[in-house]
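The lines below spell out each chain.
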Amino acid sequence: MAPAVLPPLMPSALPPTSASGSPTATISADQFLAWRKQLDCGFAQIDDVFEACLAEAQAKLSAEGLDDYLTQARFLGKMGRGVEPALTFLQAWPLVAHNVGESALDAVMLTVRQINKSPNGRAIAPFLQALGPVSQRLASQHQLQHYLDLCLLLMERTSSSIHGIHKTYASPSLGVFFEKAPLLVGVLSLQGLSNWVNYGIRNYSHHPEQQRDFFSLSSADSRAVLQRERHGTLLMDHTRALDLYLRALWQDGDVLVPYSTTFDVQRQPMPYFDALGMRLPDVYDERAGISGLDRYRAALAHMAAHRRWSTPIFADNFSPAQRLAIECFEDARMDWLTLREYPGMRRIYSALHPKPVDGACNPATHSCLRHRLAMLSRALLDPPKRFESPQLAEWVQRFHALLAQGDASTTDMASLSLSYLAKTSLQSDRLPDTWFQDTEVDYRDDNRHLWRFHELSDDEDNFDNPDQTPSTQELQTLPPRHYPEWDYSSQSLRPDWVSLYERLHPSGNPADIDALLAKHAALAKRLKRLLDLLKPQDKVRVRFQEDGSELDLDVAIRSLIDLRSGSQPDPRINMSHTTNGRSIAVTLLLDLSQSLGDQARGSAQTVLQLSQEAVSLLAWSIEQLGDPLAIAGFHSNTRHDVRYYHLKGFGERWGDEVKARLAAIQAGYSTRMGAALRHAARTLGTQTADKKLLLVLTDGQPSDIDVKDERLLIEDAKVAVRELSNQGIFTYCINLDAAADTYVSDIFGQQYTVIDNITRLPEQLPKLFMALTR
């Protein structure tokens, strides 16, 4: 990227100024020629800006620093990289020296020489361009040195070599990193920046395109790691809790979509909702004693109130000032109705709403309409004694009079707003400079939903296109859950790497499962006899109960003797009985990958059909025992689309609905097992049973189409099993792959069984379960 060229600064037109703004001595012609000769650079572009650069340098550098400045600029002009390095240095260095000190020049030029020795010479100009804003953020030579070391580390680790001795290919990411460096140091600490850079080096050092996307902040993974290194409350960490909050308190629900507040520098976006979901900032920091999670709750409550009580109105007949006033009154109505339903929100709203100071805006210099509306909004939210102007009190009274009659309406607020503007507008409201201080209520949305327009869209016919209507299945799909994945090469977890979508499996014909059970009627009878032996039958007598099912004669007689003898009798004269039963909760996780559609060895049936028979018999068996059982299936199509299907929940009985889902299962896609194991543990971990068993039925090793290293997903599944064990969940694998011995023990240790003869799966699976739970 070519550096911006400053216009020439003529001493007669505008004398140079110092950092404090005071004029400095004008550069004499002889001095100017001497400095130009010292620079000894023949590029014509430098002549256009040299005088302006020297004026700034003379104001900010010492005499010795100015001499070093010209010496290093001369070096940059003669090192054979064109005009850009020297031109950029002349423009950038005075500001850097002012921020971190002139002594940092040696470290900076050492870094430039290191880059120049490598194949990354094109990155010198972006490096020097970024130094100005980076030095403003770091503000010390010590911190700048850490930044320079990090730049050299990135260059060394991402430049490649043919023979392994000297670097021969330039780093694909160094230049784009320098372009993003001012933004990165603005949102991350140096430690966070170091973690972010090292993550990109570890995971993308051998993928030039992906590496460039990471360091240019174009990839979702790059932004996810960036957010992990930032402080605050991340939306993606609390999506499920906030979704439940919406459903429980507002009987409303929608997809929560994060947007970034970091990358929109010119105009910070506001929360809003549309047909695709409710949009919220990706991270909220604590503010005014209100946690990030409570700030999310406040924003969602305000949008939910709009969805319940607001009605869109036409905007064409209103001016911008009128629309601003209408939005203010309507937002205040939403807050008031919310507080009427949930008074506890007042603490959050009162803390987050700005407190504008009366008289802070000067009508002679600024448009004060926003300031007056912010004061009115604060008064409507929590009428304080400080707003005791008669004009303000009149509109507060009229607002509350409308709401005293009911919920009021958007049209009522529009009429009240027009009356307000008619009586309070000032000539200065039309001034171009608007007063924004203490006027932005960040938990409120941008009110785009409030307005309709008579002008129709050019593609309005698309809105009624039935082909673009979401399917019922898509509407029933929950927002994705994000799970980490273990990278064994770097020995670290990749945060939010896998997106898992869970849904209720479509239904088929339950009669198909009944036919399978009838086919194995003889096996079911044999299993029934074994199950009867496992059923809890022993009764345990619980004595010394004040309330019980029958009288405990021994204790009753002893208490009667104590009573007759004048002693205090024991009132615990009853007893009861309890069953010495089982306390086991089971989740059966089915691998539904494409290979299940293959024909089983020695059978005319597919592996999927045999699995259906085995799962049906197992579910019937567990139903006989009364143990809580959940059944789920999974498959994957890259890390962005892991699908998790619920076939039976813990609270469901083994009936036609469950049978219908089981009858409809199909094989497809791949086996990304780690994310499915972690998700299955979420529901199994909530059960109160003493023993929690996760059975995994699969026919191959973990794999996916976006993973080339076959060990990667095996190691991730191994770590997932270890995580489940730490949660008190016993994981056991039933593998149908004859070659499973080469990998299954790496994942499950000794907790697995390989069934070579797949045709015996319907018989072996229930027996195996009984052996595990005996």
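Provided above is the structure to which this section pertains.
What you are looking at is a predicted structure, and each value in this text was computed from that prediction instead of being measured.

Here we take up the overall build of the chain. Within the chain one finds 28 helices and 18 strands. Within the span of the chain, comprising 774 residues, buried residues form 48% of the whole. Residue pairs in contact within the chain that sit at least 24 positions apart in sequence constitute 71% of those at least 6 positions apart. Carbon together with sulfur atoms contributes 50% to the accessible area of the chain, which is approximately 37300 Å² in total.

One pass over the structure, following the stated rule, counts 39 salt bridges. Residues Glu502 and Arg240 are paired through a salt bridge, measuring 3.0 Å at the closest nitrogen-oxygen approach. Residue Glu502 is found in strand 9 (residues 492–504), and its partner Arg240 is found in helix 12 (residues 239–250); the two are separated by 262 residues along the sequence. On the accessibility criterion, Glu502 (7% relative accessible area) is buried. Across the pair Asp716 and Arg678 runs a salt bridge, and its minimum N-O distance is 3.1 Å. Of this pair, Asp716 sits in helix 26 (residues 710–726) while Arg678 sits in helix 25 (residues 673–684), and the two are 38 residues apart along the sequence. Exposure remark for Asp716: the relative accessible area of 0% places this residue in the buried category. On the basis of relative accessible area, Arg678 is assigned to the buried category, the value being 7%.

Below, the discussion takes up the packing of helix 8 (residues 174–187) against helix 9 (residues 190–204). Contact geometry for helix 8 and helix 9: axes closest at 11 Å, N-to-C directions at 145 degrees. For the element pair helix 8 and helix 9, the recorded crossing hand is right-handed. Contact residues: helix 8 offers Phe177, Leu184 and Val185, while helix 9 offers Leu193, Trp196 and Val197. When the residues that make up the contact of helix 8 with helix 9 are grouped by side-chain class, the tally is six nonpolar, no polar and no charged.

Turning our attention to the sheet that holds strand 14 (residues 629–636). Pairing is mixed across the open sheet formed by eight strands, whose spatial order is 8-9-15-14-13-16-17-18. A strand with exactly one partner marks an edge of an open sheet, and here the two such strands are strand 8 (481–487) and strand 18 (752–754). The sheet shows a mean angle of 25 degrees between the axes of neighbouring strands, taken without regard to direction. Note that strand 8 and strand 9 share six bridges and pair antiparallel.

Glancing now at the pairing of strand 4 (residues 277–281). Here strand 4 lies mainly inside the structure; five of its five residues are buried. Where strand 2 (residues 256–259) and strand 4 come together, four bridges link them in parallel fashion. From the neighbouring strand, Leu256 faces strand 4, where its bridge partner is Met278. Pairing of strand 3 (residues 272–274) with strand 4 involves three bridges; the strand directions are antiparallel. Looking at strand 4, one finds that Phe273 is bridged to Met278.

Together, Glu64, Asp67, Asp68 and Asp106 make up a region of like negative charge exposed at the surface. Residue contributions to the negative patch peak at three residues, all from helix 3 (residues 63–78). Examined against the element boundaries, Glu64 turns out to sit in helix 3. Residue Glu64 is classed as exposed on the basis of its relative accessible area of 61%.

What counts and how
Residues numbered from 1 in each chain as written. Predicted model: local features only at pLDDT ≥ 70, side-chain atom pairs only at ≥ 80, totals over all residues. Heavy atoms only, no water. Helix = DSSP H or I, 4+ residues; strand = E, 2+ residues; numbered from the N terminus. Buried < 20%, exposed > 50% of the residue type's maximum accessible area, 1.4 Å probe, protein only. Contact = heavy atoms within 4.5 Å. Areas by Shrake-Rupley, 256 points an atom, 1.4 Å probe, with all protein chains shown as cover. Salt bridge = Lys/Arg side-chain N within 4 Å of Asp/Glu carboxyl O. Axes fitted to C-alpha atoms, helices over the stretch in contact; angles between N-to-C directions. Left-handed = near helix turned anticlockwise from the far one by under 90°. Nonpolar A, V, L, I, M, F, W, Y, C, P; charged D, E, K, R; others polar. Pairing = 2+ DSSP bridges. Patch = residues over 30% accessible without salt bridge, like charges linked within 9 Å, V, L, I, M, F, W, Y side chains within 5 Å. Lys, Arg positive; Asp, Glu negative; His and termini not counted. Charge placed at Lys NZ, Arg CZ, Asp CG, Glu CD.

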